[in-house]
Amino acid sequence: SLKTHIAKLPLDSYLFNASGPRCTTEEELNRLAGSASAAIMTKSCTMLPREGNAEPRFQALPLGSIQSMGLPNLGYEAYLEMLPRLKQARSSRRGKPIVVSVSGFSISDNVTMVQAFQASSADLIEVNFSCPNIEGKPQVGYDFEQTERALEAICQLGSKPIGLKLPPYFDFSHFITMANIIKKFPVSFITCINSVGNTLVIDPETESAIIKPKGGFGGLCGDYIKPIGLANVRAFSQLLPSSIDIIGVGGIKTGTDAFEYLLAGASAVQVATCFEKEGVECFDRIAKELGCIMAAKQYSSIAAVKGKLKMI
Ligand code: DHB
């Protein structure tokens, strides 16, 4: 069985969608409700509806994608209003968990939105500390003081579990500093990693950047970033108490990828680039592939493998 838990909430499967592609509109969220995704994750919302950045702002690449979407979303009130209908969606198992992603432009935005979702039928709240694509708004997760101030403000607003979507870190001093901040607050889960921010892909034919916003700088996604995601999951699983669940994201498109994140210590994984490319069928396919790998290795549960990475 691929059953697992995030913040003590049971999930029927190990895989669900990442906040990102195909989870902005009610139609898209209803499609997730009817899919094999273990939960319904929403696109990061802001106080007001947003169209997002100028196009072209997404480009598929041979091994993933680069994007600078700029948080296009319906505004948090639209998601608040949609939640009761999503919970009851006829095509979904009644009560399939809903995870709302919140991405305010300030601590006060995040307080307002977390407060509102604390009083909603959402099951989990993932606060995005890592959007790289808003001009003039640095990624919160790279500013340790702001991270701590934000956690002080948002962790005491209700009893629904709060998680953090983190940017990738590349140095042990940063893993340690962030883990020590997280341990000071009642954070129930972390999601590692967001896209690798501010990368540049160039088309040598046209001699131009491949996307328009921010002078061509955008978030790198997909296969390119899997080793970075695995390292972040592994590092935080060693630095945080086991009561804080880790959700792995970054380059998961096969059962093997999901199995590697499980060995690194992830309690569940999210899929973005592959879901963008393949649609909701990816959840059932990857789950079956993971199930085959575990059966072949005679592992009977997620818990039997989680964090069991061996050193050579
Ligand atoms: C966007 C991209 C991200 O990587 C993120 O965490 C949030 C938003 C975006 O550009 O929409």
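See above for the structure.
The rules we used
Residues numbered from 1 in each chain as written. Predicted model: local features only at pLDDT ≥ 70, side-chain atom pairs only at ≥ 80, totals over all residues. Heavy atoms only, no water. Helix = DSSP H or I, 4+ residues; strand = E, 2+ residues; numbered from the N terminus. Rg over C-alpha atoms; globule rule 2.2 N^0.38 Å. Buried < 20%, exposed > 50% of the residue type's maximum accessible area, 1.4 Å probe, protein only. Contact = heavy atoms within 4.5 Å. Arc of directions from axis to C-beta. Core = buried A, V, L, I, M, F, W, Y, C linked by side-chain atoms within 4.5 Å. Pairing = 2+ DSSP bridges. Axes fitted to C-alpha atoms, helices over the stretch in contact; angles between N-to-C directions. Near = heavy atom within 4 Å. Polar contact = N/O pair within 3.5 Å; in protein donor to acceptor, adjacent residues only side chain to side chain. Areas by Shrake-Rupley, 256 points an atom, 1.4 Å probe, with all protein chains shown as cover. Nonpolar A, V, L, I, M, F, W, Y, C, P; charged D, E, K, R; others polar. Phe/Tyr/Trp six-rings, centres within 6.5 Å; stacked < 30°, edge-to-face > 60°. Lys NZ or Arg CZ within 6 Å of the ring centre and 35° of its normal.

**Looking at the overall build of the protein chain**
In terms of helices and strands, the protein chain carries nine helices and 16 strands. At 18 Å, the protein chain has a C-alpha radius of gyration in line with the 20 Å of a compact globule built from 312 residues. By its C-alpha atoms, the protein chain is 50 × 50 × 45 Å across when sized along the principal axes. Of all 312 residues assigned to the protein chain, the portion counted as buried reaches 56%. Residue pairs at least 24 apart in sequence account for 73% of intrachain contacts in the protein chain once pairs closer than 6 positions are excluded.

**A closer look at helix α1 (residues 26–33)**
Here α1 has its buried residues at Leu29, Leu32 and Ala33. The arc that holds the buried residues of α1, viewed along the axis, is 105°, so those residues lie on one side. At its buried positions, α1 is contacted by β3 (15–17), β4 (40–41), α2 (76–87), α8 (273–278) and α9 (281–296).

**A few points about the nonpolar core**
Counting 82 residues, the largest nonpolar core has Ile190 and Phe236 as its most contacted members. Considering every element that reaches this core, the biggest residue donor is α9, with seven residues. Core analysis: the second largest hydrophobic core is formed by 13 residues, Ala7, Leu11, Phe189 and Ala268 among them.

**Topic: the sheet that holds strand β11 (residues 196–200)**
Overall, antiparallel pairing links the four strands, which are arranged β5-β6-β14-β11 in an open sheet. Bordering the open sheet on either side are β5 (58–61) and β11, each of which pairs with just one other strand. Mean inter-strand twist for the sheet, computed between neighbouring axes without regard to direction, equals 35°.

**Re the site of the ligand**
Taken together, 13 residues form the shell around the ligand, and within it Lys43, Gly70, Leu71, Asn133 and Asn194 come nearest. A distance of 3.1 Å is found between an oxygen atom of the ligand and a backbone nitrogen or oxygen belonging to methionine 69. Within the side chain of asparagine 194, an N or O atom sits 2.4 Å from an oxygen atom of the ligand. With the chains in place, 94% of the 290 Å² that the ligand exposes on its own is no longer accessible. Here the shell around the ligand is built from residues that sort into five nonpolar, seven polar and one charged.

**Looking at the sheet that holds strand β15 (residues 245–249)**
Spatially, the eight strands line up as an open sheet ordered β3-β16-β15-β10-β9-β8-β7-β4, and their pairing is parallel. The sheet terminates laterally at β3 and β4, the two strands that pair on one side only. Relative to β15, strand β10 (residues 189–192) is paired through four bridges, and the arrangement is parallel. Bridging across to β15, threonine 191 finds its partner in isoleucine 247.

**Examining the packing of aromatic side chains**
Counted by the stated rule, this structure contains nine aromatic pairs. Arranged with centres 6.5 Å apart and planes meeting at 75°, the rings of tyrosine 169 and phenylalanine 175 form a pair that is edge-to-face. In this structure tyrosine 169 comes out as buried when scored by relative accessible area, which is 2%. Looking at phenylalanine 175, the relative accessible area reads 5%, which means it is buried. Among the aromatic side chains, those forming a connected cluster through ring pairs are Tyr142, Phe144, Tyr169, Phe172, Phe175 and Phe236. A cation over an aromatic ring shows up here: arginine 22 above the ring of phenylalanine 275, its NZ or CZ 5.9 Å from the ring centre.

This is a description of form; function is not addressed.
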